[in-house]
Amino acid sequence: MIRFILSDLCRLWAGSLVVVLLVALATALGVSVVLQERALRLGSARAADKFDLVIGAGGSETQLVLSSVFLQPSPLPLMPGEVLGKLATDPRVDWAAPIGFGDSFSGYPIVGTTTMLAQNLSGGLAEGKIFAREGEAVIGSAVRLPLGGEIKPMHGSLEEGGETHTELVYHIAGRLRPTGTTWDRAILVPIQAVWHIHGMQAEEHAENGAEALHDHEHEEASADHGHGHHGKADPDAALDESWTAEAPGLPAILVKPKTIADAYKLRQDYRSGNTVAVFPGEVLTNLYATLGDAKQILVAVASGAQALVAASLVLVTVIHIGQRRRQIGALRAFGAPRGAIFGIVWLEFFFLVAIGIAIGFALGYAAALILSGMLSQTSGVAMPVGFAREDAGLAAVLLAFATILAALPAVLAYRQSPAQALRA
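Keep in mind it's a predicted model, so treat the numbers as computed, not measured. (Residues numbered from 1 in each chain as written. Predicted model: local features only at pLDDT ≥ 70, side-chain atom pairs only at ≥ 80, totals over all residues. Heavy atoms only, no water.)

### Looking at the pattern of salt bridges
Inspection of the entire model under this criterion finds 12 salt bridges. A salt bridge links Arg92 to Asp269; the nearest nitrogen and oxygen atoms lie 2.7 Å apart. Of this pair, Arg92 sits in the loop between helix H4 (82-89) and strand S2 (93-105) while Asp269 sits in helix H8 (residues 260-269); the two residues are 177 residues apart in sequence, bridging distant segments of the chain. Taken together, the salt bridges that share partners define one network made up of Lys129, Arg133, Glu136 and Asp236. (Salt bridge = Lys/Arg side-chain N within 4 Å of Asp/Glu carboxyl O. Helix = DSSP H or I, 4+ residues; strand = E, 2+ residues; numbered from the N terminus.)

Dropping the structure here:
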């Protein structure tokens, strides 16, 4: 029987190929949606795992996480520098790293931070050393610049008509190990250098941090109109990372609590007044809910496409059986039982659909790999594409559907009598 089925499929190769391609494309659409959504969710979760607690000025928690963890360009309100001074002396804090952004170079975001974050972000350096002077920088693993190369910071981006800072040129001192996060495409520089080239000196005479914040917001607003205030920076100046209450305003602070209990206490303490403290994972949970709704829509679209393919296959098989009536009649006339006819037709169609499903899974996997690679290249977030246990359930459902669908032409062939088939 198997030899007969194979020879029959070879004889009808054109129609068989159409059936396989229809099933493969419909299956690939659904599989790629599932795999890509999972890769995006896992990749973003792994990126957020590197940061325990993020503290920023009052505002959108989602935007705070997107800007500080995923380095998405967006203006954030500044909080008083005294927050950094308090965190630096808090016994519940292992380390607190301020971050400042807004500048870029060759499409790579420049992030002002501390040696502590540079040392802990990737577990060490792949080459070179941590910056030790204002004029030095450390680059992420995906930044395509050589050690010793020059970095001329630009305020904003080239597309937005950004202005290149002439106060300081950074020289690359080291390269971080890969992290699988957006920070692989970041250029890390001393936060005090960022403050200096933007004219943000410690407000020694300010009554409090809020006054310093107001002054800098005024400067940033002027900079947006092309009349920004620029300061002076000494590339050979040593770094001073002893934070006090007179530190300039900050958009965000990345905090490493000593214990889980300390993390919750710190979040509670800094969720009042002018600051907000968030666990990046909790914020991502809300984003996943939105992403889940989008996934349901895409899955519904894919299911609709698969239903249309199924309807097309039914039409094709009905026509196909009509064209094979004489062959079926001849088999019956030579003594083939109805059960054998049913088995031949069912096996042929099920075999084609099963091959289409297998090819569809392979195509869906390849499509998800390509799309994840493109997104990873632009965002820097590694997006692992892979099958999970629940995907076996999806394959089982599709094969069960194929079993039922293959029964339709088999029943039509089963019900034909030899006399009716030979007269056709």
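That shown, we press on.
### With respect to the pairing of strand S3 (residues 108-113)
Taking burial as the measure, the six residues of S3 include five buried ones, the bulk of the element. Relative to S3, S2 runs antiparallel, the two being bridged by four bridges. Across the sheet, the residue bridging to Ser104 is Pro109, located in S3. Where S2 folds back onto S3 in an antiparallel hairpin, the turn is made up of two residues, including Ser106, whose phi is positive at roughly 55°. Relative to strand S10 (residues 187-190), S3 runs parallel, the two being bridged by four bridges. Directly across from Val111, in S10, lies its bridge partner Leu188. (Buried < 20%, exposed > 50% of the residue type's maximum accessible area, 1.4 Å probe, protein only. Pairing = 2+ DSSP bridges.)

### Focus on the packing of aromatic side chains
We describe a pair of aromatic rings using the distance from one ring centre to the other and the angle between the two ring planes. Counted under the stated rule, the structure contains five aromatic pairs. When the centroid spacing of 5.9 Å and the interplanar angle of 80° are considered together, the rings of Trp195 and Trp243 count as edge-to-face. Of this pair, Trp195 sits in helix H6 (residues 191-197) while Trp243 sits in the loop between helix H7 (209-224) and strand S11 (252-257), placing them 48 residues apart in sequence. An identical accessibility class is assigned to Trp195 and Trp243; each is buried. (Phe/Tyr/Trp six-rings, centres within 6.5 Å; stacked < 30°, edge-to-face > 60°.)

### A word on the nonpolar core
Leu117, Trp183 and Leu188 are the most contacted members of the largest nonpolar core, which has 32 residues in total. If you list the elements that add at least two residues to this core, you get helix H2 (13-48), helix H3 (61-68), S2, helix H5 (115-121), S11, strand S12 (275-278) and helix H9 (280-323). (Core = buried A, V, L, I, M, F, W, Y, C linked by side-chain atoms within 4.5 Å.)

### Quick notes on the environment of Arg46
You can see Arg46 is positioned in helix H2. In the structure, Arg46 is positioned 134 residues away from Gly180 in sequence and 8.0 Å away in space, judged by C-alpha atoms.

### Regarding H3
Burial in H3 covers these residues: Leu64, Val65, Ser67 and Ser68. The residue sitting at the N-terminus of H3 and contributing the capping side-chain oxygen is Ser60; that oxygen lies 3.4 Å from the backbone nitrogen of Thr62. (Polar contact = N/O pair within 3.5 Å; in protein donor to acceptor, adjacent residues only side chain to side chain.)

### Focus: the side chain of Glu136
Looking at the secondary structure, you find Glu136 in strand S5 (residues 136-139). The class for Glu136 is buried, based on a relative accessible area of 8%. A distance of 3.1 Å separates a polar atom in the side chain of Glu136 from a polar atom in the side chain of Lys129. Not counting residues within four places of it along the chain, the set of residues in contact with Glu136 comprises Lys129, Ile130, Phe131, Tyr170, His171, Ala173, Val189 and Pro190. (Contact = heavy atoms within 4.5 Å.)

### Side note on the confidence of the model for the protein
Per-residue pLDDT for the protein has a mean of 78; in total, 76% of the residues score no lower than 70. Mean pLDDT per element in the protein: H7 is the minimum at 38, and S5 is the maximum at 95. Contacts of residues 203-229 to residues separated by more than four positions or lying in other chains number 29 contacts, the stretch itself having pLDDT below 50. (pLDDT = per-residue confidence, 0-100.)

### Observations concerning unusual backbone geometry
Phi is positive for Leu71, which is not a glycine, with a value near 55°. Take Leu71: its relative accessible area is 11%, and that puts it in the buried class. In the Ramachandran plot, Ser106 falls in the positive-phi region, its phi being about 55° despite a non-glycine side chain. Assignment of secondary structure puts Ser106 in the loop between S2 and S3.

### A short note on the environment of His165
Here His165 lies in the loop between strand S8 (163-164) and strand S9 (170-176). Given the relative accessible area of 3%, His165 is considered buried. As a C-alpha pair, His165 and Met154 span 11 residues in sequence and 5.7 Å in three-dimensional space.

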